[in-house]
Amino acid sequence: MVDARNGDARISTGSNGGVAAADGGSGGGYVINVERFGERINLLYECWVKNKEELWGNVEAVAIANPPSSEDLRYLKSSALHTWLLGYEFPDTLMVILPGILHILCSQKKAAILEGLCKSSRELCAVDVIVHVKPRNEDGGAQMLSILEEIRNCAGLPESTLGVFAKEATEGAMMEKWADVLSNAGVNRVDVTAGFSELFSVKDEGEITNIKKAAFLGSSVLKNYVVPKLEVVIDEEKKITHAQLMDDAETAILDPSRAKVKLQADNVDICYPPVFQSGGVYDLRPGAMSNDDHLCYDTTGVIICAIGARYNIYCSNVARTYLIDADRVQEKAYKVLMKAHEVAIEALRVGNSMSAPFKAAFSIVEKEAPEFLPHLTKSVGAGIGIEFRESWLNLNAKNDRLIKAGMTFNVTVGLHNLQAQKQTNPKTRIFSLLLADTVVVRQKGPENATGSCTKSFSDVAYSFMNEEPEEQPQTRTGASGVEVVYSKTALRSDNQETKEELRRQHQAELARAKNEETARRLAAGGLGKADDHTCMRKVGEINAYHNVDDIPSSAQLKLQVDQKHEAVLLPIYGLLVPFHISTVKTVTSQQDGGHSYIRLIFNVPGAGFSVNDLPAQKFPRSIFVKEVSFRSSDIRHSNQVVQLIKTLRRQIAQRESEKAERATLVTQEKLQLSKGRPIRLSDLWIRPPFGGRGRKMPGTLEGHTNGFLYSTMKADEKVNIMYGNIKHAFFQPAEKEMITLVHFHLRDYIMVGTKKTKDVQFYMEVMEVVQTLGGGRRSMYDPDEIEEEQQERERKNKINGEFQAFVKRMTELWEQPQLKNLELEFDIPFRELGFHGVPNKSVAFIVPTVNCLVELIETPFLVVTLSEIEVINLERVGLGQKAFDMAVVFKDFKKDVLRIDAIPSSSLDGIKEWMNSLNIKYYESRMNLNWRPILKTILDDPEKFIEDGGWEFLNMEASDSDSEKSEESDEGYEPSDLEEPSESEEDDSDDESVVESEQDEEEEDEEDSEEEEGKTWDELEAEARKEDKETGDESGSEDERRRRNVKATGKARASEVRGSRAMPSKRPKIR
């Protein structure tokens, strides 16, 4: 199987594979199909000439070095070229393509196979094939120099440009020797992967036949072997691991007869080890592997099966999801996913862009189940052929290449990490869904090569629960005496759960899961670490002069400032005594009677200054000078000295502050500049801006090999941002804003000028700020006004397009193998989910992205990583409130709680739905909480926090009954606690009542009953408190803002006092 994967010991039979088997002759009976070689070498030259500048980098020659054989299952462009052009792979071989000439450097055995090609290629395809034989036990250096000389002669230049596969690592002695030869010769190498990707994208009928046979094999293995095996395992409740299922499925692929397929076993192979996933652990990426966990088929269990089969080196893929006793959420999710998968396949039509399938699937999910959008995979597949994944044909929202007839795609749509309804079992609570098919694009439309493997819900959903007898309709006699029949459907609709109830149920499940997670983390000591960037000056750093001889001598004993050595020279007892400027705390001067008095106060131990900045530890018994005063008759000199001391202190403080900031920085890797033309975006402004005086200038952002470089025309204004330091990248086109921007939130701090920051933004203004002079109003039909608006729209669209192109090219760069593990991509904010709030000092529009909650227009920027959030508490939520606040508690309890204030109440439902869809646990409270003591209490005693129910102390509904009891005992007045009033008192109370009555007993009894049915003292107090709160919110008084900053208990007491003061004079009667 290893040899087959590398194409070393197998050739395809017939014209479809490009190789025909011979009865005998040289090369062990293998003869290359020269006709197929001629057709494909001509296609290569045609693609090269047509797209030489755009895709081939204007190269004069192409050199492909194929590495030695490997036991690893891998996909290389060099191997794909050999298979496509020659029919099978030649390991450890160098192929150099020149116009009309093909040089091949290989061993003697491979040269024998290529002998027939050399003889007939010139006549059939007008290409000279020259084979250079590498002698055994030699590295082929002499032959390589000969080939290099041919390249230079062909180009006609001493320095030529050579196309290579830059992404492929150098392996083996021959490739290393070839790399050394090119380096020593100074040959300019350009990556031509894009050119060959375009060449391989459209398949001929022979290739399509191989792909369809591979697809038939994969779907047959899944349908005829895997599914029956799973049914037996589940029905008989057997225990089997995912790895065992993987081995059995791989055996069925390599032996097609087990799947009732009549294909030769010598021509088939696996694309990847079959994937089986269940039990709450899912990975929908192409490189997923089956683990050693047992297959989980409990109630609401989900099993994902993916089979990749190859025929004659061409790949196919099919994946299905099987549901066990699915609940309503799983059923809805699967049906939506199946519909999205079908529309994605239907969008694969000639002339459509490759973003059309993703947009079609996205629109279906957005329309029918928007709560599943965050879980949708970020692409719906890619091209497939000799390589399992042709990234050039990626089906995502950013690929605008056109679909052509003959292309083949692996259409894969998934929903990742959804949550089942009312499930506490960790193996079935979280589930994922995946569907994949191999599709061929025809002129008339898409052809599903794996469509024989059914994916309808009725065929993939299994029910193993005991069937209950059908319930009889319930009957009830109506008012008219007619017997009314209530059907099961009607009864269910009466008790149908509302959206809010479903959300509450989900939040209750999240609460249990969150408390369990917090308990585990606190038990493990994972409390997080707060950023500590304090950098104290060391004792030995304060040193003005290293030697007494360095102290300047002066004939006059007067105050001096030595700026070079950062010292102040004071005349004391006939000597100039130096003091380092950092020891000076303050300096003042006063004038009195023609004299000037200078007073210097020093930093000394015990004076509120850090002892680490003083030599107190080094000289514990020393006596320190606290202050010293001088009188001078030279007022001008005194003022000058004082000014110099203050200026020098300010400069030293600024320098030390910057030095302390830089001391906390993490050392970044060195920027590697791209050899070719970098990805560039010009005329950008940066935030935070560079410091210093002078006119600010825009700069250029360039994407290089391992990072970004931003620079302006000023030599000292440069910023390097390494790809490995980027935590989140955002692209926000201008819609209602004045700027289009790209923003990078970093893992570690960097310096931008003299500022330390984790957020760097590059933006361009889409509209110029113009002030109309004259003051007159302009008509909406004014031609000048219309023209200006049109120009603004065109400018905005142009700038948005430039940023979009930059983001697209950077995304392609980040998908390269050397950067793919960084998992970088640009997030685009979802404006429809945005809301207004005050995260800092001013109102801003805050928008969610896939991974964050951001505000990128106003400074300071707001970037909150959703995965770092512990819980969110919505404060001041209640009837009559126009706005509420959001408190974001992070998993790092040492980190301050983030507050977003004054969010309009109209956004409450949308925010709840968004948080619920992302499995973020939130609580609601009627008042603001003081979070610092709360978090300190948790950190001091985490065990007690868990014992008391974890975060459930924030549950307003659970604590309502307790709070009501406490209010009844603390406030209001209870009539039952008083003594029975006398008759005179009762008469007095009647006189004081609002309704005075002097009528007969009957009328008085009626009034008494009405009074008893009125509002109680507690209800009146509650109304008064509510009115006070509403009045405070409407006026936006200082009292309200002060109450937000006090403890919750203090606020409650203050509210009670205000409520009691606002009570009316009326007292109800006491009976």
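Residues numbered from 1 in each chain as written. Predicted model: local features only at pLDDT ≥ 70, side-chain atom pairs only at ≥ 80, totals over all residues. Heavy atoms only, no water.

Considering empty space enclosed by the protein
Phase 1: As enumerated under the stated definition, the model contains six cavities of 30 Å³ or more in all.
Phase 2: Roughly 60 Å³ of volume is contained in the second largest cavity.
Phase 3: V227, L230, E231, I234, I303, Y322, I324 and Y462 are the residues that line the second largest cavity.
Phase 4: Those elements giving two or more residues to the lining of the second largest cavity turn out to be α10 (205-235) and β12 (314-324).
Phase 5: Its residues placed into classes, the lining of the second largest cavity shows seven nonpolar, no polar and one charged. (1 Å grid on protein atoms, 1.4 Å probe; cavity = no way out; pocket = protein on both sides within 12 Å on 5 of 7 lines; lining within 4 Å. Points joined across faces, edges and corners; volume = space filled by probe spheres on them. Helix = DSSP H or I, 4+ residues; strand = E, 2+ residues; numbered from the N terminus. Nonpolar A, V, L, I, M, F, W, Y, C, P; charged D, E, K, R; others polar.)

Side note on helix α4 (residues 77-86)
Phase 1: By the criterion of burial, α4 is predominantly enclosed, with 10 of the 10 residues buried.
Phase 2: Within α4, burial applies to K77, S78, S79, A80, L81, H82, T83, W84, L85 and L86.
Phase 3: After α4 finishes, the residue G87 shows a positive phi value of roughly 105°. (Buried < 20%, exposed > 50% of the residue type's maximum accessible area, 1.4 Å probe, protein only.)

A look at the packing of aromatic side chains
Phase 1: One pass over the structure, following the stated rule, counts 25 aromatic pairs.
Phase 2: Between W84 and F200, the aromatic rings sit 5.5 Å apart at their centres with planes inclined by 55°, giving tilted as the arrangement. Taken together, the positions of W84 in helix α4 and F200 in helix α9 (residues 193-201) put the pair 116 residues apart, joining distant regions of the chain. No difference in accessibility class separates W84 from F200, as the two residues are buried.
Phase 3: Summarising the aromatic geometry, the rings of F196 and F200 are spaced 6.1 Å apart at their centres and angled 50° between planes, so their arrangement reads as tilted. (Phe/Tyr/Trp six-rings, centres within 6.5 Å; stacked < 30°, edge-to-face > 60°.)

Thoughts on the environment of V766
Phase 1: Within the secondary structure layout, V766 lies in the loop between β32 (755-765) and α19 (783-814).
Phase 2: Discounting residues that sit within four places of it in the chain, V766 has contacts with A734, E737, M738, I739, T740, E792, R795, K796 and I799. (Contact = heavy atoms within 4.5 Å.)

Considerations on helix α22 (residues 931-940)
Phase 1: Three or more residues of α22 are buried, namely W931, I934, L935 and I938. Looking down the long axis of α22, one finds its buried residues gathered within 90° of arc, a one-sided arrangement. Facing away from the buried side of α22 by more than 90 degrees, the exposed set consists of R932, K936, T937 and D940.
Phase 2: Where α22 is buried, its residues touch α17 (499-523), β38 (869-875), β39 (883-890), β40 (898-904) and α23 (942-947). (Arc of directions from axis to C-beta.)

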